[in-house]
Amino acid sequence: MSKVAVIMGSLSDLPVMQEAIDILKGFDIEVEVDIVSAHRTPDKLYEFSKHAHKNGFAVIIAGAGGAAHLPGMVASLTPLPVIGVPVKSTNSIDGWDSVLSILQMPGGVPVATVALNGAKNAGILAAQIIGSADQCVLDKIIFYKEGLKDKVIKGAQELNKSK
């Protein structure tokens, strides 16, 4: 069974990152959550990143606000796929500083980047990565996406009834 690491730069990022945790748990994917600051705990970041693949992780979701170096630094040190979640923090410039810090990675150090505060999509993407090699997870994703389609169809039917 594959597991996903959900890490963030500070505890204040947890309300955003909780959406990734919740969606992964909904797919019955094991999740480990930690705070790993690129600027305040660089030794912890280094140790976590260098050994994540040896510790059973398949994907890392890293959320950070402000300068948002966490996802890129993790990606520079691990062979695993990293999904970056830009978090709009209180010291942010409307979140754009976080988005661009995660999005504008140099060639050779990819970070899949989701929308500002888009942790739910990060969780779904991590599940899809795992699902590409795990039929049980893939089946759950298919069921989830069918549910999204059904919700839209039901909403359209409700709309048409009210006309």
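Computed from a predicted structure; not experimentally measured.

*Asks:* Which residues make up helix α5 (residues 119-131), and what are the values?
*Replies:* The terminal C-alpha atoms of α5, which comprises 13 residues, lie 18 Å apart, in line with the 18 Å expected from a rise of 1.5 Å per residue. All of the buried residues along α5 are Ala-119, Ala-122, Gly-123, Ile-124, Ala-126, Ala-127, Ile-130 and Gly-131. The secondary structure elements touched by the buried residues of α5 are β1 (3-8), α1 (14-26), β3 (57-65), β4 (82-87) and α6 (135-161).

*Asks:* Give me the lowdown on the pairing of β1, citing residues and values where you can.
*Replies:* For β1, the tally of buried residues reaches 6 of 6 residues, placing the bulk of the element in the interior. Residue alternation in β1 divides its side chains into two sets, Lys-3, Ala-5 and Ile-7 and Val-4, Val-6 and Met-8, and both sets are buried. Across 6 bridges, the pairing between β1 and strand β2 (residues 30-35) is parallel. Bridging across to β2, Ala-5 finds its partner in Glu-32.

*Asks:* I'd love a proper account of the layout of surface pockets, names of residues and values included.
*Replies:* In this structure, the largest pocket encloses a volume near 360 Å³. Lining the largest pocket are 23 residues, and of these Ser-10, Asp-13, Arg-40, Gly-65 and Gly-66 lie nearest its centre. Listed by contribution, the elements that provide at least two residues to the lining of the largest pocket are α1 and β3. Classifying every residue of the lining of the largest pocket gives 9 nonpolar, 11 polar and 3 charged.

Calculation rules
Residues numbered from 1 in each chain as written. Predicted model: local features only at pLDDT ≥ 70, side-chain atom pairs only at ≥ 80, totals over all residues. Heavy atoms only, no water. Helix = DSSP H or I, 4+ residues; strand = E, 2+ residues; numbered from the N terminus. Expected span 1.5 Å × (residues − 1). Buried < 20%, exposed > 50% of the residue type's maximum accessible area, 1.4 Å probe, protein only. Contact = heavy atoms within 4.5 Å. Pairing = 2+ DSSP bridges. 1 Å grid on protein atoms, 1.4 Å probe; cavity = no way out; pocket = protein on both sides within 12 Å on 5 of 7 lines; lining within 4 Å. Points joined across faces, edges and corners; volume = space filled by probe spheres on them. Nonpolar A, V, L, I, M, F, W, Y, C, P; charged D, E, K, R; others polar.

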